[in-house]
Amino acid sequence: MLRSLRVLLLMVSLPLVPTEASSEPRATSAAVSPAEPVLVIGFVGGFVRHDDRVHTEVQLIERLRKGYAPSVYVQMFENHRGKQAHQAILRLLHANSDGALSLEEKQNARIIIFGHSWGASETIELARQLEKDGIPVILTIQVDSVSKPGENDAVIPANVLQAVNFYQLDGLLHGQPQIRAADPARTRILGNFRSGYKAKPFSCGEYPWWDRLIMKPHIQIECDPAVWDQVESLIRSNLSLEARLPQSSEINAPLSPFK
């Protein structure tokens, strides 16, 4: 009954927002060479448009797109467009366009996927599709993940190198509290990090009033800068130094893999 209510709430509103994690996940950096395809895929939640700048994840995608060279594919998708995201990945990895992805093309892929709410569920679904293709994923990030019908957002497929989960439990609509690896020998779970807003509430003023009223905690985690600062840091730490565009202050400065 409660699960049905959660799905109903998603279908009558526009979800998305960040939370307050008590400790920070530490990622294993997966630096890559310029020759290796680097892709960052994001999914918005609910029925949110991929370009709706009210939502923090859309703003993050824009920052990443501006900060990294054209060799990094950075794109946000609606969560119902997982097949479109999958096809985009296959097309981008298929450098020679000879009809089939080679083993080398698959193994050279460097893919990061993240999302909020239904978008977080689609994050794991896309990783699972890539597992069937024999394509690795270096990092998945779930923010208040709400499982879509027919999807399993709790078990991380074995092709994922690292995975992290941010969630809150304060509202009727809340995220997956624990993710686990299908194969712990192949996937490192960086952590399940809970946020709470009862003691420290804040307003997501630009969101529609019905979102803020009906799904307040679920929206708060989507607009919580403490959560999304960690999300951004994890993504950036796994992108190659060579792929990032130099800032003006760095022209004569020592190189660093972090911004």
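For the structure, check the block above.
The numbers attached to residues start from 1 for each chain and follow its sequence in the written order. Confidence filtering applies because this is a predicted model: local features only for residues at pLDDT of at least 70, side-chain atom pairs given and counted only at 80 or more, and all residues used for totals across whole chains, interfaces and linings. Water and hydrogen atoms were dropped before computing side-chain values, which therefore reflect all heavy atoms in the structure.

Peer 1: Help me understand helix H2 (residues 56–67) in this model?
Peer 2: Given 3.6 residues per helical turn, the α-helix brings residues three or four places apart onto the same face. Strands are runs of DSSP state E lasting at least two residues, helices are runs of H or I lasting at least four, and both sets are numbered from the N terminus onward. Take the residue count of a helix, subtract one, and multiply by 1.5 Å to get its expected span. A rise of 1.5 Å per residue sets the reference length of H2, with its 12 residues, at 16 Å; its end C-alpha atoms lie 17 Å apart and thus fit the reference within 8%. The classification of residues rests on relative accessible area computed with a 1.4 Å probe and restricted to protein chains. Under 20% of the type maximum is buried, over 50% is exposed, and intermediate values are partly exposed. For H2, the full list of buried residues reads Thr56, Glu57, Val58, Leu60, Ile61, Leu64 and Gly67. In this description, contact between two residues means that some pair of their heavy atoms is separated by no more than 4.5 Å. Those residues of H2 that are buried are in contact with strand S1 (38–43), strand S2 (72–77), strand S3 (110–116) and helix H8 (225–237).

Peer 1: Sorry, what's going on with the side chain of Asn165 here?
Peer 2: Note on placement: Asn165 falls in strand S6 (residues 162–168). N or O atoms within 3.5 Å of each other form a polar contact, as long as, within protein, one can give a hydrogen and the other can take it, and as long as residues adjacent in sequence are counted only when both atoms are side-chain atoms. In this structure the side chain of Asn165 is engaged in a polar contact, spanning 2.8 Å, whose partner is the backbone oxygen of Gln176. Discounting residues that sit within four places of it in the chain, Asn165 has contacts with Gln142, Gln176, Pro177, Gln178, Ile179, Gly191, Asn192 and Phe193.

Peer 1: I keep staring at H8 and nothing clicks. Help me out?
Peer 2: For H8, which comprises 13 residues, the first-to-last C-alpha distance of 18 Å matches the rise-based estimate of 18 Å (1.5 Å per residue) to within 8%. Considered for burial, the residues of H8 that qualify are Val227, Trp228, Gln230, Val231, Glu232, Leu234, Ile235, Arg236 and Ser237. Elements in contact with the buried residues of H8: S1, H2, S3, strand S4 (139–143), S6 and strand S8 (188–195). Of the residues that open H8, the one with a side-chain oxygen 2.9 Å from the backbone nitrogen of Ala226 is Asp224.

Peer 1: Looking at this model, I keep getting lost on the packing of H2 against H8. Mind explaining?
Peer 2: Contact geometry of H2 with H8 gives a least axis separation of 11 Å together with a crossing angle of 30°. Crossing hand, H2 versus H8: right-handed. Residue-level contacts link Thr56, Glu57, Leu60, Arg63 and Leu64 of H2 to Trp228, Val231, Glu232, Ile235 and Arg236 of H8. For this scheme, ten residues count as nonpolar: Ala, Val, Leu, Ile, Met, Phe, Trp, Tyr, Cys and Pro. Four count as charged, namely Asp, Glu, Lys and Arg, and the remainder, Gly too, count as polar. Of the residues belonging to the contact of H2 with H8, the class tally is 5 nonpolar, 1 polar and 4 charged. To obtain each axis, a line is fitted to C-alpha atoms, and for helices this fit is confined to the stretch in contact; angles are then taken between N-to-C directions over 0 to 180 degrees. Should the near helix be turned anticlockwise from the far one by less than a right angle, the crossing is left-handed, and should it be turned clockwise, the crossing is right-handed.

Peer 1: I keep staring at the pattern of salt bridges and nothing clicks. Help me out?
Peer 2: Opposite charge on two side chains permits pairing when their charged atoms draw close. Note on definitions: salt bridges are taken to be side-chain nitrogens of Lys or Arg within 4 Å of carboxyl oxygens of Asp or Glu. Considering all chains together, one arrives at 7 salt bridges under this definition. With its nearest N and O atoms 2.7 Å apart, the salt bridge here joins Glu232 to Arg63. Here Glu232 is found in helix H8, whereas its partner Arg63 is found in helix H2, with 169 residues between them in sequence. If you follow the salt bridges from partner to partner, you end up with Arg63, Glu232 and Arg236 in one network.

Peer 1: Can you walk me through the nonpolar core in this structure?
Peer 2: Among soluble globular proteins, nonpolar side chains are generally buried collectively. Only buried Ala, Val, Leu, Ile, Met, Phe, Trp, Tyr and Cys residues count toward a nonpolar core, and they belong to the same one when joined by side-chain atoms within 4.5 Å. Judged by nonpolar contacts, the single largest core of 31 residues is most densely connected at Val40, Phe114, Ile141, Phe166, Val231 and Ile235. Only S1, H2, S2, S3, S4, S6, S8 and H8 provide two or more residues apiece to this core. Broken down by element, this core gets its largest block of residues, 5 residues, from H8. Excluding residues that lie within four positions of it along the chain, Val40 makes contacts with Leu64, Val72, Tyr73, Val74, Gln75, Ile112, Phe114, Ile235 and Leu239.

Peer 1: When you look at unusual backbone geometry in this model, what are you seeing that I'm missing?
Peer 2: Trans peptide bonds make up the majority, and among non-glycine residues the majority have a negative phi. In this structure, Ser117 is a non-glycine residue whose phi angle is positive, near 60°. Inspection of the secondary structure puts Ser117 in the loop between S3 and helix H5 (118–133). On the accessibility criterion, Ser117 (0% relative accessible area) is buried.

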